[in-house]
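Structure at a glance
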Amino acid sequence: MEYRYLGKSGLQLSVLSFGSWVTFHKQIEDNTADELMGIAYDNGINFFDNAEVYALGESEKMMGRVLKQKKWDRTSYTLSSKVFFGWRGKENKPNQSGLSRKHITEGCHEALQRLQVDYLDLFFCHRPDKNVPIEEVVWTMNTLIQQGKILYWGTSEWSGVEIMEAHRVAQQYCVIGPTMEQPQYNLFERDKMENEYLGIFKNQGLGTTIWSPLASGLLTGKYNEGMPEGSRLALSGFEWLKDKVLAEDRIKKIKKLGEYANKLGITLAALSIAWCLKNPHVTTAILGATKKEQLLDNLKALEALPKLNTEAMDRIEKIMQTKPRLPEF
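A quick note: this is a predicted structure, and the numbers were derived from the prediction, not measured.

With respect to the pairing of strand β6 (residues 120-125)
With 6 of 6 residues buried, β6 is to be regarded as a mostly interior element. Alignment of strand β5 (residues 78-83) against β6, held across 4 bridges, turns out to be parallel. Its bridge partner being in β6, S80 is matched across the sheet by L122. A crossover connection joins β5 to the parallel β6 through helix α3 (residues 101-115); in handedness this β-α-β unit is right-handed.

Okay, structure coming up:
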């Protein structure tokens, strides 16, 4: 396993990490989660990602039960949660979602209870909140750090302007600003990582814990011939994701990319994840799996990494043609 520093912080994360979105509680139960987290940990993964909204809190409870049973040294792994959406879904009352001081604080306490730990290594603002002053968000996160309840705070799916505003406020009041961002990044979603955040990488040293490196499974090739039963895009409530992902032109590109992966002697999934890791601004790529075989295949991205030389990266670019157009100065 390779480890990278999270931005300018002193925290090292494994370049591959393990997340629970969609899978925990919705697709797998405790015994499978226990097996998959064990495989991840045994292979050097030291970061496990979660959020209050995943399976309406049940995902964190499941991960908490597994961690308690594993009895791993708490200093040997890092754990995250995210706050914004709340965990009650449509039953949310005012102040049970968003980024008010009240919900951030209570969301942190609830996550600690569900995960059965004393502190979170990483705590993310799951989305920006247009209705809350950024000063309130920054100060609240700083307070949680001072209380020892979280060690680093960050953002998820924030714009570059919003992240820089948080840094400006943190510098103004001499408090701790965001260390990391969790954006979507894969061969189809590239603009934030390769364009919008470039100035922040240079000036602030932003760490990134990217999600969906396989574009919700599309970059495994399993949707090339239709919708497999039991896949995440077949789940009720994920129609929005299905419509976005299963575009015909994307499938054509994926088939060509799969042929190239075969020539390199690696799987399409391993190639796609390794491609993400080639970006030096990626701290870690979060994997999601429902089966042992799936996770082991994804872990082969580390073996695929050396095969992605300049020639291979150029070939991938020609097949995909998804590179964002940078602004002209």
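Notes on the packing of aromatic side chains
Evaluated as defined, the whole model comprises 10 aromatic pairs. Ring geometry for W72 versus Y77: centroids 6.1 Å apart, planes at 70°, classification edge-to-face. Grouped by ring-pair contacts, the aromatic residues F18, Y41, F48, W72 and Y77 constitute a single cluster. Positioned above the aromatic ring of Y260 is the side chain of R315, whose terminal nitrogen or guanidinium carbon lies 5.9 Å from the ring centre.

Points about the side chain of S14
With respect to the element layout, S14 can be found in strand β2 (residues 12-14). In this structure the side chain of S14 is engaged in a polar contact, spanning 2.7 Å, whose partner is the backbone oxygen of L16. Aside from chain neighbours lying at most four places away, what touches S14 is M1, E2, Y3, G44, I45, N46, F47, T283 and T284.

Cut-offs applied
Residues numbered from 1 in each chain as written. Predicted model: local features only at pLDDT ≥ 70, side-chain atom pairs only at ≥ 80, totals over all residues. Heavy atoms only, no water. Buried < 20%, exposed > 50% of the residue type's maximum accessible area, 1.4 Å probe, protein only. Helix = DSSP H or I, 4+ residues; strand = E, 2+ residues; numbered from the N terminus. Pairing = 2+ DSSP bridges. Right-handed = clockwise from strand over helix to strand, strands pointing away. Phe/Tyr/Trp six-rings, centres within 6.5 Å; stacked < 30°, edge-to-face > 60°. Lys NZ or Arg CZ within 6 Å of the ring centre and 35° of its normal. Polar contact = N/O pair within 3.5 Å; in protein donor to acceptor, adjacent residues only side chain to side chain. Contact = heavy atoms within 4.5 Å.

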